[in-house]
Amino acid sequence: MDLTVVIVNYRVKYLLEQTLRSVEQAMQGMTGEIIVVDNLSGDDSIAFSREHHPQVTYIENQENVGFARANNQAIMQARGEYTLILNPDTIITPQCLQEGIAWMKSHPKCGAIGARMMDGNGVFLPESKRSFPTPWVSFCKIFGLSKLFPRSRWFAKYHLRYLSDLEPQHIDILSGAYMLCRTQLLQQLGGFDEDFFMYGEDIDLSYRIVKAGYENWFLPTPMIHYKGESTHKDSIRYVRIFYDAMLIFYRKHFPQFSVIFYPIIKLGVLVRAGLSIAKRLLKRLFTIKTRSVRETLPWVIISDDAAAVASKCDIREFKTEIPATGCYNVLIDDGCRTCAQVVDYIRQHSDYEHIAFHIFAHRHGIIISPKMSQ
């Protein structure tokens, strides 16, 4: 078997269905399996997916066991030569799999590969390629030096912004949203460390892959990752969980820095939490409650039957091509385009200013947007 695809789901029914559709298209011509692990979503995610994707293997947990443990449930039974760890809010293409596997075969020391992730509007996501969070790298991230000097090889190592995202790069850390790994290596390493409930487990696994004598690579193959829209990175909860994960990582791999670095991490948590509280207070004080700009934008519908799509979505006025100027909602009908064509269309038009992309899920008659949570 060529490939096992592992997806952990939690309350993203329609995004998961879109991901499964893209995976099935991408795997055409390959032998493989898809395993979805549901972390007690509490909705009809699995029943819905099973109806439309009956060939997928489903594992339904009776509690939310976290990202690491849920992935491991599938990793340890994976039968493919390669295993793809994939988020349920992604759209991949055949190119992602074909180029990744070809790279693995021609680079025997390559243990895992990441792709060029874009958000729902085609903007490159910097977490596609990262450096190991050494004490200095982490210090620069926690206290904002990496943002102040985004192209500096000294201050901006965390996201490696000084390396081109249009060429293959030998990097340190891959994102758990898309990790194509050698299954045998992944199983030998025991998969993800289950001490990490959420965040940090991909950093830890990437580090252990390198310690085992292998390399991690970034390939510039485009894909879409809606980037966990239900997670608000300004929230105090996110700050606490993220930096707690960093403490676990340092206790495990850099115990010699514990006396010096733990207080810095704790200070970073307090600083970030304080900024989060201040930002929320300012937003409440000075934000006027109006409809969002995107809700008021006119529509462009990209479809072979734009009128039918407009009728189903209750859109009264629309264009069928993106004008050279102006702000628009762009709705792409996936009934007349493959997932690869959708990704490519968004990538080609990502330089347009004030364009908000959405996908019309033709099978279900709904609009899938970057901000939807399910």
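Residues numbered from 1 in each chain as written. Predicted model: local features only at pLDDT ≥ 70, side-chain atom pairs only at ≥ 80, totals over all residues. Heavy atoms only, no water.

Caption draft 1: Seen up close, the overall build of the protein. Helix and strand counts for the protein stand at 12 helices and 14 strands. Expressed as a percentage of the 374 residues in the protein, the buried residues total 53%. Sequence-distant contacts, at least 24 apart, represent 76% of the contacts inside the protein between residues at least 6 apart. Working note: accessible area of the protein is about 17900 Å², and carbon and sulfur atoms make up 53% of it. (Helix = DSSP H or I, 4+ residues; strand = E, 2+ residues; numbered from the N terminus. Buried < 20%, exposed > 50% of the residue type's maximum accessible area, 1.4 Å probe, protein only. Contact = heavy atoms within 4.5 Å. Areas by Shrake-Rupley, 256 points an atom, 1.4 Å probe, with all protein chains shown as cover.)

Caption draft 2: Region of the structure containing helix H4 (residues 94-106). The end-to-end C-alpha distance of H4, which contains 13 residues, comes to 18 Å, matching closely the 18 Å that a straight helix rising 1.5 Å per residue would cover. Buried residues belonging to H4 abut strand S1 (3-9), helix H1 (13-26), strand S4 (82-86), strand S6 (110-118), strand S8 (178-182) and strand S9 (215-225). (Expected span 1.5 Å × (residues − 1).)

Caption draft 3: Representation of the side chain of Ser22 within the structure. By secondary structure assignment, the location of Ser22 is in helix H1. In this structure Ser22 touches Thr90, Ile91, Ile92 and Cys339, once residues within four positions along its chain are discounted.

Caption draft 4: Geometry of unusual backbone geometry. In this model, Leu160 sits at a positive phi of 50°, which is unusual for a non-glycine residue. Following the sequence through the fold, Leu160 ends up in the loop between helix H6 (145-148) and strand S7 (169-171). Judged by relative accessible area, which is 7%, Leu160 ranks as buried. For Asp314, which is not glycine, the phi dihedral falls at a positive 60°. Along the chain, Asp314 falls in the loop between helix H11 (306-312) and strand S11 (318-319). Exposure remark for Asp314: the relative accessible area of 61% places this residue in the exposed category.

Caption draft 5: The arrangement of the confidence of the model for the protein in detail. Summing up the model confidence of the protein, the mean pLDDT is 88 and the portion of residues at 70 or higher is 89%. Within the model, pLDDT remains below 50 along residues 288-293, and this stretch shows one contact once partners closer than five positions in the same chain are excluded. (pLDDT = per-residue confidence, 0-100.)

Caption draft 6: Structural view of the packing of aromatic side chains. Scanning all chains against the criterion turns up 10 aromatic pairs. Between the aromatic rings of Tyr14 and Phe48, the centroid separation amounts to 5.3 Å while the plane-to-plane angle is 75°, which identifies the pairing as edge-to-face. One end of the pair, Tyr14, is in helix H1; the other, Phe48, is in helix H2 (residues 45-52), and 34 residues separate them in sequence. For Tyr14, a relative accessible area of 22% puts it in the partly exposed group. According to the relative accessible area criterion, Phe48 is buried, its value standing at 12%. Put simply, the rings of Trp136, Phe149, Trp154 and Phe155 touch in pairs and so form one group of aromatic residues. Taking the ring centre of Phe48 as reference, the NZ or CZ of Lys13 above it sits at 5.1 Å. (Phe/Tyr/Trp six-rings, centres within 6.5 Å; stacked < 30°, edge-to-face > 60°. Lys NZ or Arg CZ within 6 Å of the ring centre and 35° of its normal.)

Caption draft 7: Region of the structure containing the pattern of salt bridges. For the structure on display, the rule yields 11 salt bridges. Of the charged contacts in the structure, one is a salt bridge between Arg208 and Asp204, with a shortest N-O distance of 2.8 Å. In this pair, Arg208 and Asp204 both sit in helix H8 (residues 201-211), four residues apart, roughly one turn of the helix. The burial state of Arg208 is the same as that of Asp204; both residues are buried. The structure contains a network of salt bridges with shared partners spanning Asp193, Asp204, Arg208 and Lys252. (Salt bridge = Lys/Arg side-chain N within 4 Å of Asp/Glu carboxyl O.)

Caption draft 8: Layout of the nonpolar core. By size, the foremost hydrophobic cluster in this structure holds 33 residues, and its most contacted members are Val5, Leu84, Leu86, Ile92, Tyr178 and Leu180. Contributions of two or more residues to this core are made by S1, H1, strand S2 (32-38), S4, H4, S6, S8 and S9. Of all hydrophobic cores here, the second largest spans 26 residues; its members include Val37, Ile171, Leu174 and Met179. (Core = buried A, V, L, I, M, F, W, Y, C linked by side-chain atoms within 4.5 Å.)

Caption draft 9: Representation of H8 within the structure. By the criterion of burial, H8 is predominantly enclosed, with nine of the 11 residues buried. Within the sequence span of H8, burial applies to Glu201, Asp202, Ile203, Asp204, Leu205, Ser206, Tyr207, Arg208 and Ile209. One or two positions beyond H8, positive phi appears at Gly213, with a value near 100°.

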